[in-house]
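Listed below are the residues making up each chain.
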Amino acid sequence: MYIYADWAATTPMSRTAINTMNDIMENVYGNPSSLHSIGQKAAEYLLQARIDAANAIGADFKEIYFTSGGSEADNQALVSAARFGKIRGKTQIISTTIEHHAILHTLNKLEKEGFEVTLVDVEPNGIVDPEKIRAAISEKTALVTVMFANNEIGTIQPIRAIGEICHENNIIFHTDAVQAVGHVPINVKDLKIDMLSLSAHKFQGPKGVGILYANKKVPLTNLIEGGAQERGKRAGTENLAAIVSMTAALKEAVAEIDERAAKTTVLRDRLIQGLSEIEHSILNGDAKKRLPGNVNFCFEGIEGESLLLLLDHKHIAASSGSACTSGSLDPSHVLLAIGRPHEVAHGSLRLTFTEKMTEEEIDYIIKSTKEVVEYLRGMSPVWDELQKGELQHVI
Ligand SMILES: *Cc1c(COP(=O)(O)O)cnc(C)c1O
């Protein structure tokens with residue numbers, strides 16, 4: 001038995017997604033840009049995928065652009081809104097301190113090009129106060145970009161309130177919804193979202209494919225020049241098998257969204273309850289306003305990496321911070337943003353899962369984590385000092 005509890009890093013493909021991908025690879029090999037009937041058959045599948053994707057998020061199919069994933073969608077969204085702002089004399093971009101690196105690194109790049117980037121702090125529960133976004137807005141604001149749900153601590157942001165503030169002020173609103181799509185209901189029109197990024201491999205679709213939704217307000221800037229695919233905004237022959245597989249997975253996830261979320265939430269709360277019993281531990285992120293399948297804890301006196309390796313020996317795949325940052329020694333910027341001290345931020349554990357997890361597996365994770373934390377603390381000089389009172393507990 002192996003328990004995969006790292007669904008926020010990536011998900012296995014669903015049976016439907018695999019079957020769809022195989023079917024398209026075998027049977028629909030044409031280039032959608034070709035005029036003959038083999039090409040036109042592919043074009044029909046591409047159009048249907050665009051319609052299905054649009055329906056899943058409440059968009060129009062003409063607002064859907066297929067990309068190579070969430071990172072590309074984030075890059076194109078930010079670069080496009082920045083360019084569009086610049087020609088209107090608007091050079092400020094507002095975001096938050098807990099965004100994914102696909103956003104933060106693109107913002108760094110835009111800053112070097114002369115844009116002013118304002119990162120709004122989140123509250124200690126990992127949620128941004130919409131009024132702080134309002135307060136950061138100026139005459140020069142071109143774009144507000146706030147993630148829908150955080151990839152590390154799972155907190156769900158008040159997207160509707162932020163969308164309304166942006167619309168009152170005529171500002172473009174983008175959200176990186178990579179962790180949220182397929183897990184929480186999203187309607188871009190209701191939520192006043194102008195641009196949204198999503199990625200197939202976070203909802204049981206294939207890796208290397210995603211979507212940028214952009215409404216008519218924002219003229220897109222190309223990141224890739226070439227042919228006229230994606231209405232001339234993203235060149236390159238479409239990865240049809242991956243695109244159709246993605247929309248099949250998306251339709252499936254959206255159709256079952258409430259049922260899956262209800263089951264997953266029960267498992268999540270059981271896991272939170274169990275891990276809270278470990279002394280000097282703390283849940284990261286709001287206990288309720290978080291993704292149904294996300295649990296993230298800090299344990300004082302241990303290193304996240306050792307924790308992960310020992311859990312792996314017990315056949316549990318978990319994560320410490322995001323996959324992109326593991327391998328670096330810097331503590332997670334998200335945990336620092338919610339006020340965890342450096343030494344505590346190093347001892348974090350993220351467990352992400354779906355409704356397919358069983359209660360027995362949850363209980364096994366709790367038991368194993370308790371054992372591993374106790375074992376590591378037994379060898380930790382820091383824990384020893386904490387026990388002797390030479391160091392003060394911070395959690
Ligand atoms: C995974 C992820 C991305 C990157 O998506 P890719 O498809 O892997 O490029 C961006 N933002 C968030 C919040 C993510 O979780």
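Residues numbered from 1 in each chain as written. Predicted model: local features only at pLDDT ≥ 70, side-chain atom pairs only at ≥ 80, totals over all residues. Heavy atoms only, no water.

## Quick notes on the sheet that holds strand β8 (residues 210–214)
Ordered by their spatial adjacency, seven strands build an open sheet running β2-β8-β7-β6-β5-β3-β4, and the pairing between neighbours is mixed. Whereas interior strands pair on both sides, the edge strands pair on one side only; in this sheet they are β2 (64–67) and β4 (116–120). Pairs of neighbouring strands in the sheet enclose a mean axial angle of 20°, with direction left out of account. Across three bridges, the pairing between strand β6 (residues 172–176) and strand β7 (residues 195–199) is parallel. Looking across to β7, one finds that D176 is bridged to S197. Set on the sheet, helix α4 (residues 101–112) makes contact with β3 (92–96), β4, β5 (141–145) and β6; between it and β3 the angle comes to about 155°. Across the sheet, helix α6 (residues 159–168) is in contact with β5 and β6; its angle to β6 comes to roughly 155°. (Pairing = 2+ DSSP bridges. Helix = DSSP H or I, 4+ residues; strand = E, 2+ residues; numbered from the N terminus. Axes fitted to C-alpha atoms, helices over the stretch in contact; angles between N-to-C directions. Contact = heavy atoms within 4.5 Å.)

## Some thoughts on the confidence of the model for the chain
Looking at the chain as a whole, the pLDDT averages 96, with 98% of positions reaching at least 70. Long-range and interchain partners of residues 322–326, a stretch whose pLDDT sits below 50, account for seven contacts in this model, where long-range means more than four residues apart. (pLDDT = per-residue confidence, 0-100.)

## Observations regarding the site of the ligand
Neighbouring the ligand are 13 residues; S71, D176, Q179, S199 and K202 lie closest to it. Contact between the ligand and D176: a nitrogen atom at 2.7 Å from a side-chain N or O atom of the residue. Alone, the ligand offers 380 Å² of accessible surface; in the complex the protein occludes 86% of this. When residues of the shell around the ligand are assigned to their parent elements, the largest contribution, three residues, is made by helix α3 (residues 70–86). Taken together, the residues of the shell around the ligand break down into two nonpolar, eight polar and three charged. (Near = heavy atom within 4 Å. Polar contact = N/O pair within 3.5 Å; in protein donor to acceptor, adjacent residues only side chain to side chain. Areas by Shrake-Rupley, 256 points an atom, 1.4 Å probe, with all protein chains shown as cover. Nonpolar A, V, L, I, M, F, W, Y, C, P; charged D, E, K, R; others polar.)

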